[in-house]
Amino acid sequence: MDRTTDTELSEPAEAAERACRFHALRDLQDIARDGGLDMDILLDKRRYRGGPPANC
(Lines give C-alpha, C1' and ligand atoms only; values in the text may rest on other atoms or scores of the structure.)
Protein backbone atom coordinates (compact mmCIF):
# COMPACT_ATOMS: atom_id res chain seq x y z
CA MET A 1 0.00 0.00 0.00
CA ASP A 2 1.38 3.40 -1.01
CA ARG A 3 1.37 5.85 1.89
CA THR A 4 2.83 8.81 -0.03
CA THR A 5 0.71 11.90 0.45
CA ASP A 6 -0.17 14.46 -2.19
CA THR A 7 1.93 16.98 -0.27
CA GLU A 8 5.03 14.82 -0.52
CA LEU A 9 4.48 14.41 -4.24
CA SER A 10 3.92 18.10 -4.91
CA GLU A 11 6.85 19.54 -2.92
CA PRO A 12 9.54 18.70 -5.52
CA ALA A 13 7.29 19.93 -8.33
CA GLU A 14 6.61 23.19 -6.49
CA ALA A 15 10.33 23.68 -5.80
CA ALA A 16 11.13 23.10 -9.47
CA GLU A 17 8.40 25.54 -10.53
CA ARG A 18 9.70 28.17 -8.10
CA ALA A 19 13.24 27.73 -9.41
CA CYS A 20 12.01 28.06 -12.99
CA ARG A 21 10.14 31.29 -12.17
CA PHE A 22 13.21 32.63 -10.34
CA HIS A 23 15.45 31.99 -13.35
CA ALA A 24 12.92 33.53 -15.74
CA LEU A 25 12.71 36.63 -13.55
CA ARG A 26 16.50 36.86 -13.39
CA ASP A 27 16.69 36.59 -17.19
CA LEU A 28 14.07 39.33 -17.57
CA GLN A 29 15.97 41.56 -15.15
CA ASP A 30 19.15 41.05 -17.20
CA ILE A 31 17.33 41.95 -20.42
CA ALA A 32 15.85 45.09 -18.84
CA ARG A 33 19.21 46.12 -17.36
CA ASP A 34 20.86 45.73 -20.76
CA GLY A 35 18.26 48.01 -22.37
CA GLY A 36 16.38 45.25 -24.18
CA LEU A 37 13.03 46.44 -22.84
CA ASP A 38 11.56 49.93 -22.76
CA MET A 39 10.48 50.01 -19.12
CA ASP A 40 8.64 53.34 -19.54
CA ILE A 41 6.30 51.72 -22.06
CA LEU A 42 5.87 48.57 -19.98
CA LEU A 43 5.09 50.53 -16.82
CA ASP A 44 2.65 52.93 -18.52
CA LYS A 45 -0.65 51.56 -17.21
CA ARG A 46 -2.65 53.73 -19.59
CA ARG A 47 -1.60 51.44 -22.43
CA TYR A 48 -3.44 48.44 -21.03
CA ARG A 49 -6.15 50.02 -18.90
CA GLY A 50 -7.96 51.81 -21.68
CA GLY A 51 -6.74 55.33 -20.93
CA PRO A 52 -5.40 57.81 -23.43
CA PRO A 53 -2.13 56.81 -25.09
CA ALA A 54 1.10 58.11 -23.61
CA ASN A 55 2.99 60.85 -25.41
CA CYS A 56 5.92 58.91 -26.88
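Residues numbered from 1 in each chain as written. Predicted model: local features only at pLDDT ≥ 70, side-chain atom pairs only at ≥ 80, totals over all residues. Heavy atoms only, no water.

Trainee: Mind showing me how you'd approach the overall build of the protein here?
Mentor: Secondary structure summary: the protein contains two helices and zero strands in total. Taken as a whole, the protein presents about 5300 Å² of accessible surface, with 55% of it coming from carbon and sulfur. (Helix = DSSP H or I, 4+ residues; strand = E, 2+ residues; numbered from the N terminus. Areas by Shrake-Rupley, 256 points an atom, 1.4 Å probe, with all protein chains shown as cover.)

Trainee: I keep staring at the pattern of salt bridges and nothing clicks. Help me out?
Mentor: Oppositely charged side chains can form a pair if their charged atoms are brought close together. Going through the model one piece at a time under the given rule, you end up with three salt bridges. Here Asp30 ties to Arg33 by a salt bridge, and the two come within 3.0 Å at their closest N and O atoms. Separated by three residues within a single helix, Asp30 and Arg33 lie in helix 1 (residues 6-33), roughly one turn from each other. We note a salt bridge from Asp34 to Arg33, for which the minimum N-O separation is 3.6 Å. Among the residues examined, Arg33 registers a relative accessible area of 61% and is labelled exposed. Here the salt bridges share partners, and the residues they tie into one network are Asp30, Arg33 and Asp34. (Salt bridge = Lys/Arg side-chain N within 4 Å of Asp/Glu carboxyl O. Buried < 20%, exposed > 50% of the residue type's maximum accessible area, 1.4 Å probe, protein only.)

Trainee: So what exactly am I meant to see when it comes to a nonpolar patch on the surface here?
Mentor: Together, Leu25, Leu28 and Ile31 line one region of the surface with nonpolar side chains, adding up to about 270 Å² of accessible area. Note on Leu25: relative accessible area 46%, which makes it partly exposed. (Patch = residues over 30% accessible without salt bridge, like charges linked within 9 Å, V, L, I, M, F, W, Y side chains within 5 Å.)

Take it as geometry only, folks, not as evidence of what the structure does.
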